Number of protein chains: 2
Amino acid sequence: MKDHYRAHKKVLLAVDCIIFGFDQDNLKILLIKRDFEPEKGKWSLMGGFLRPDETLDDAASRILQKLTGLHDIYLDQLRSFSQPERDPVDRTVSTAYYALINIEEHNEELTKKHSAEWFNVQDIPPLIFDHDEMIRQAIKRLRYKASVEPIGFELLPEKFTMRQLQKLYEAILGQKLDKRNFIKKILSQDVLIKLDEKDMTSSKKGSFLYKFDAEKYDRFKI
Amino acid sequence: MKDHYRAHKKVLLAVDCIIFGFDQDNLKILLIKRDFEPEKGKWSLMGGFLRPDETLDDAASRILQKLTGLHDIYLDQLRSFSQPERDPVDRTVSTAYYALINIEEHNEELTKKHSAEWFNVQDIPPLIFDHDEMIRQAIKRLRYKASVEPIGFELLPEKFTMRQLQKLYEAILGQKLDKRNFIKKILSQDVLIKLDEKDMTSSKKGSFLYKFDAEKYDRFKI
DNA sequence: TCAAAAGTGTTCACCGTACACCCATGG
DNA sequence: CCATGGGTGTACGGTGAACACTTTTGA
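Residues numbered from 1 in each chain as written. Chains lettered and ligands numbered in written order. Predicted model: local features only at pLDDT ≥ 70, side-chain atom pairs only at ≥ 80, totals over all residues. Heavy atoms only, no water.

(A) Broad picture of the sheet that holds strand 10 (residues 207-212) of chain B. All names here are of chain B. Strand order in the open sheet formed by three strands is 8-10-9, with antiparallel pairing between adjacent strands. Unpaired on one side and paired on the other, strand 8 (160-161) and strand 9 (192-199) mark the two borders of the sheet. Relative to strand 10, strand 8 runs antiparallel, the two being bridged by two bridges. Directly across from T161, in strand 10, lies its bridge partner L209. (Pairing = 2+ DSSP bridges. Helix = DSSP H or I, 4+ residues; strand = E, 2+ residues; numbered from the N terminus.)

Pasting the structure below:
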């Protein structure tokens, strides 16, 4: 009977997005200046509340699009955070998602409107609530994923050099990699297509561009 | 300002527990006969609603204890399920947890009271809502965990034989293992203490009992 | 003495890691 | 012609997987 349901207290359900980007050198996270109380003016993850007619995944997509203008973005649920006092205004449980986006493609007008800025992952300012813990866990998850499956092409332009890809992995894993071993490993995963074009901006010799093979890439996403 | 919060609709937040046990042969899940509408009388995961003063982890512990009488149990958050129509009565988002318990230790009176029964994982009856999907994901997670870290001692009695442990891994992974390779791998993880006692019930020769080294085990739980 | 489970080692293939030199080119 | 970044191969150790026989002892 419905009384069983009515006896229980409802809560606000929020979604917060850890948005990763890569600027050819550093792994970055997009943060906003919160424009409402509490903690107005402090740095925060982009978030929002769940609407009646959408799933948490939908909400995360919507929130991401609101800030970046992008859709069809890599998004993965991290976990739900539920300390009773995590939001001082009202009991709010938040489900964290992390997203990987191409830092070149986001809509700058939108991010300006939200006073959003990119921060290096090693250099995150103090954040509201438990957002720093969310970021810690997202980085951990991202590192884990990078070590077991090809990931992160979402963070690069469509065509990229081996060196860019290696730098991305180095930024995610937080350590230098040997270029010969890196190339061997990536090529063995068989998800790259070598193009005939070269990128001539990085050196006199030029370096071959690759793109990733979406079909083969999908085999890893089980 | 608080108006920002008030504008949003609250939802019911539930917790559902996938409770794993092991009966020396098969990996099992504890299910209950649901005693309230909707779907009264159907099989279901044990669940409950989040209370105002507790975290989701707390709620999962409480729900687990209500059914089994056990506390201090291995519990891990799986993910949150949020299809708008998943519960036909009212919008309810559910966070799934999985638990590992020693099947010998649960309180039979309590489980009888809830009309709970153990089912082999290969043999789960039709369940309400999206509970079958929750179970699918929990098994997947458990398999993954078993392949990368020592896990599952929670499912065994304090003292156990190598053969019992191997059977447990076989049940989790759903495949036969070579006993020599299994022993080599487990011993290399250095989390077992070999006892002087033998279990004489399984064979004439008897087989040595082991217990696990909680301290060394903890090193794996990062 | 035999049936039933316990216990034990070796070989091989593969993978990750360490490591150093030549190439092509624009300036 | 040289400085700069691009590109390539090999040797080694460790790990996972395959595989079969001996031991013990109660019935």
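(B) Broad picture of the protein's contact with DNA strand D. Neighbouring residues of DNA strand D: 16 residues in total, closest R163, K179, K184 and F208 of chain A together with N181 of chain B. Within 4 Å of the protein, the contacting atoms of DNA strand D are 35% sugar and phosphate, with bases supplying the remainder. In this structure, K205 of chain A approaches DNA strand D through a side-chain N or O atom, which is 3.4 Å from a base nitrogen. Contact between DNA strand D and F208 of chain A: a phosphate oxygen at 2.9 Å from a main-chain N or O atom of the residue. Counting residues per element, the ones that place at least two in the surface near DNA strand D are helix 6 (179-189) and strand 10 (207-212) of chain A together with helix 6 (179-189) of chain B. Its residues assigned to classes, the surface near DNA strand D shows one nonpolar, five polar and 10 charged. (Near = heavy atom within 4 Å. Polar contact = N/O pair within 3.5 Å; in protein donor to acceptor, adjacent residues only side chain to side chain. Nonpolar A, V, L, I, M, F, W, Y, C, P; charged D, E, K, R; others polar.)

(C) The protein's contact with DNA strand C, seen in detail. Around DNA strand C sit 17 residues in total, of which N181 of chain A together with R163, K179, R180 and K184 of chain B are the nearest. Counting only atoms of DNA strand C within 4 Å of the protein, the fraction found in sugar and phosphate groups is 36%. Here F208 of chain B contributes a backbone N or O atom positioned 3.0 Å from a phosphate oxygen of DNA strand C. Mapped onto the surface near DNA strand C, the elements with two or more residues apiece are helix 6 of chain A together with helix 6 and strand 10 of chain B. Here the surface near DNA strand C takes four residues from helix 6 of chain B, the largest share from any one element. Across the surface near DNA strand C, the residue classes tally to two nonpolar, five polar and 10 charged.

(D) Highlighting the pairing of strand 1 (residues 12-22) of chain A. Residue and element names in this part refer to chain A. Counting buried positions over the 11 residues of strand 1 gives 11, a clear majority of the element. As paired elements, strand 1 and strand 6 (residues 92-100) share nine bridges and run parallel to each other. Across the sheet, the residue bridging to F20 is L100, located in strand 6. Bridge analysis of strand 1 against strand 4 (residues 46-49) gives four bridges, and the strand direction is antiparallel. Following the sheet pairing, C17 is matched in strand 4 by M46. The antiparallel pairing of strand 1 with strand 2 (residues 27-33) creates a hairpin that spans four residues between the two strands, and Q24 there sits at a positive phi of about 80°. (Buried < 20%, exposed > 50% of the residue type's maximum accessible area, 1.4 Å probe, protein only.)

(E) Structural context of the interface of chain A and chain B. Contacts between the two partners involve 41 residues from chain A, matched on the other side by 41 residues from chain B. Interface of chain A and chain B: buried area, both sides summed, is about 3,600 Å²; carbon and sulfur atoms make up 59% of it. Interface area lost by chain A to chain B is led by Y5, K10 and F49 of chain A, which between them contribute 20%. Here K10 of chain A and D90 of chain B are joined by a salt bridge, their closest N and O atoms 3.0 Å apart. Our count for the chain A to chain B interface comes out at 15 residue pairs in polar contact (both at pLDDT 80 or more). Broken down by secondary-structure element, the contributors of at least two residues to the side of chain A that touches chain B are helix 1 (3-6), strand 1, helix 2 (56-68), strand 5 (74-81), strand 6 and helix 4 (131-148) of chain A. (Contact = heavy atoms within 4.5 Å. Buried area = accessible area lost by both parts, 1.4 Å probe. Salt bridge = Lys/Arg side-chain N within 4 Å of Asp/Glu carboxyl O.)

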